[in-house]
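# Summary of structural features
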Amino acid sequence: MAEMTPNLSRRIAELELDAAVLRHRFLHIPLAMQEDCGLWKSHKAIGREALSLFRAVRQETGADGECDAAECDWALGRIEAAYQLVHEAIHSLSALTLADPPTRH
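Residues numbered from 1 in each chain as written. Predicted model: local features only at pLDDT ≥ 70, side-chain atom pairs only at ≥ 80, totals over all residues. Heavy atoms only, no water.

## Side note on the pattern of salt bridges
Enumeration according to the criterion identifies 3 salt bridges in this entry. A salt bridge links Arg-10 to Glu-14, with the shortest nitrogen-to-oxygen separation between them at 2.8 Å. With Arg-10 and Glu-14 both in helix H1 (residues 6–28) and 4 residues apart, this pair spans about one turn of that helix. The partly exposed category is assigned to Arg-10, whose relative accessible area is 41%. The partner of Arg-11 in a salt bridge is Glu-49, and the shortest N-O contact between them spans 3.0 Å. With a gap of 38 residues between them, Arg-11 in helix H1 and Glu-49 in helix H3 (residues 39–60) connect regions that are remote in the sequence. Note on Glu-49: relative accessible area 26%, which makes it partly exposed. (Salt bridge = Lys/Arg side-chain N within 4 Å of Asp/Glu carboxyl O. Helix = DSSP H or I, 4+ residues; strand = E, 2+ residues; numbered from the N terminus. Buried < 20%, exposed > 50% of the residue type's maximum accessible area, 1.4 Å probe, protein only.)

Here you go:
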């Protein structure tokens, strides 16, 4: 059974790093400044790259059989986890934004 191509492995690792950085930025940059920092544009770019990677991994399990199914399933899990990391940060932001403001006593 062949291993996944080095280029595809590198792209997945880059996606994981980009997602971790974006998550950190979402959670640490004030909401009012996020548009100026391009965070939402970065989110869209990560989404496009994740979709592209899903397709590329699926192609490797296709007719040419470049990678075995277990390795490709593991790669798909890594892609999904990276994308989920960003979505959890966005969910946390929305929960904070929609929560009632703290009352002063």
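Back to the text.
## Examining the packing of H3 against helix H4 (residues 69–98)
Packing of H3 against H4 brings their axes to within 10 Å, and their N-to-C directions diverge by 165°. Considered as vectors, H3 and H4 are oriented roughly antiparallel to each other. The element H3 and its partner H4 pack so that their crossing is left-handed. On H4, the residues that touch Trp-40, His-43, Ile-46, Gly-47, Ala-50, Leu-53, Phe-54, Val-57, Arg-58 and Glu-60 of H3 are Cys-72, Asp-73, Ala-75, Leu-76, Ile-79, Glu-80, Tyr-83, Val-86, His-87 and Ile-90. Broken down by class, the residue content of the contact of H3 with H4 amounts to 13 nonpolar, 3 polar and 4 charged. (Axes fitted to C-alpha atoms, helices over the stretch in contact; angles between N-to-C directions. Parallel < 35°, antiparallel > 145°, perpendicular 65-115°, else oblique. Left-handed = near helix turned anticlockwise from the far one by under 90°. Contact = heavy atoms within 4.5 Å. Nonpolar A, V, L, I, M, F, W, Y, C, P; charged D, E, K, R; others polar.)

## Some words on the nonpolar core
In summary, soluble globular proteins display a tendency toward joint burial of nonpolar side chains. Among the nonpolar cores identified, the biggest contains 23 residues, and Leu-8, Ile-12, Leu-15, Phe-26, Val-57, Ile-79 and Val-86 are the most heavily contacted of them. The set of elements that each furnish at least two residues to this core consists of H1, H3 and H4. With 9 residues, H4 is the single largest residue contributor to this core. Not counting residues up to four positions away in its chain, the partners in contact with Leu-8 are Leu-53, Ala-56, Val-57 and Glu-60. (Core = buried A, V, L, I, M, F, W, Y, C linked by side-chain atoms within 4.5 Å.)

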